[in-house]
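For reference, the chains in residue letters:
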Amino acid sequence: QVQLVESGGCLVQPGGSLRLSCGASGSILRINAMGWYRQAPGKARELVAVETAGGGSNYADSVKGRFTISRDTAKNTVYLQMNSLRPEDTAVYYCTADGVAMTLQFFTSWGQGTQVTVSS
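Being a predicted model, the structure only gives us computed values, none of them experimental.

Draft legend 1. Expanded view of the pattern of salt bridges. Going through the model one piece at a time under the given rule, you end up with four salt bridges. Arg 38 is the salt-bridge partner of Glu 46, the closest N and O atoms lying 2.8 Å from each other. With relative accessibility at 6%, the residue Arg 38 sits in the buried group. Linking Arg 38 and Asp 89 is a salt bridge whose minimum nitrogen-to-oxygen distance equals 3.0 Å. In this pair, Arg 38 is assigned in strand β4 (residues 28–39) and Asp 89 in the loop between β8 (77–82) and β9 (91–101), connecting sequence segments 51 residues apart. Judged on exposure class, the residue Arg 38 and its partner Asp 89 are both buried. A cluster of three or more residues bridged by salt bridges with shared partners is formed by Arg 38, Glu 46, Arg 66 and Asp 89.

What follows is the structure, given as structure tokens:
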């Protein structure tokens, strides 16, 4: 079973910074892409950032220039550096991973979510 464990969510003041981490473990042959989604109260879940196996990255327009996704492929870990945080960034942030398991089957896994609250 492939599992994702997230950490780093907390209460932070507007304008502050926060770094989220997510590590994948289990019977993994390889991970192709890892990324972050978020869901705010009353809103649909949206893609925040994703990094592909080829090293490319994509961001939601609302976070461009403020958030940075990075990945340590050797550790199967993805990070989200969040700067200049705004109250609108308040949401549950979910880590995702796509890849191939040792069974040679494709998988898509989700983390349990970590709460980020931006408030004074």
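Draft legend 2. Fine view of the packing of aromatic side chains. One pass over the full model with this rule turns up one aromatic pair. Consider the rings of Tyr 37 and Trp 110, whose centres lie 5.1 Å apart with planes at 55°: the pair is tilted. Taken together, the positions of Tyr 37 in strand β4 and Trp 110 in strand β10 (residues 106–110) put the pair 73 residues apart, joining distant regions of the chain. What makes Tyr 37 partly exposed here is its relative accessible area of 26%. Seen from the ring of Tyr 79, Arg 19 lies directly overhead, with NZ or CZ sitting 4.1 Å from the centre.

Draft legend 3. Quick look at a nonpolar patch on the surface. Residues Leu 29, Met 102 and Leu 104 make up a contiguous nonpolar surface patch of roughly 340 Å² in combined accessible area. Counting through the fold element by element, Leu 104 comes out in the loop between β9 and β10. The class for Leu 104 is exposed, based on a relative accessible area of 63%.

Draft legend 4. Representation of the pairing of strand β11 (residues 114–118). Along β11, the buried face is formed by Thr 114, Val 116 and Val 118; none of Gln 115 and Thr 117, which line the opposite face, is buried. The pairing of β9 with β11 spans three bridges and is antiparallel. If you follow Tyr 93 over to β11, its bridge partner there is Thr 114.

Draft legend 5. Expanded view of unusual backbone geometry. The residue Asn 76 is not glycine, and still its phi comes out positive at about 50°. Residue placement: Asn 76 occurs in the loop between β7 (67–72) and β8. Positive phi, normally seen in glycine, also occurs at Leu 104, with a value near 70°.

Draft legend 6. Local environment of the sheet that holds strand β3 (residues 18–25). Strand order in the open sheet formed by four strands is β1-β3-β8-β7, and the pairing between neighbours is antiparallel. The open sheet has two edge strands, β1 (3–7) and β7, and neither has a second partner. Going from strand to strand, the sheet's axes swing by 15° on average, the running direction of each strand aside.

The rules behind the values
Residues numbered from 1 in each chain as written. Predicted model: local features only at pLDDT ≥ 70, side-chain atom pairs only at ≥ 80, totals over all residues. Heavy atoms only, no water. Salt bridge = Lys/Arg side-chain N within 4 Å of Asp/Glu carboxyl O. Buried < 20%, exposed > 50% of the residue type's maximum accessible area, 1.4 Å probe, protein only. Helix = DSSP H or I, 4+ residues; strand = E, 2+ residues; numbered from the N terminus. Phe/Tyr/Trp six-rings, centres within 6.5 Å; stacked < 30°, edge-to-face > 60°. Lys NZ or Arg CZ within 6 Å of the ring centre and 35° of its normal. Patch = residues over 30% accessible without salt bridge, like charges linked within 9 Å, V, L, I, M, F, W, Y side chains within 5 Å. Areas by Shrake-Rupley, 256 points an atom, 1.4 Å probe, with all protein chains shown as cover. Pairing = 2+ DSSP bridges. Axes fitted to C-alpha atoms, helices over the stretch in contact; angles between N-to-C directions.

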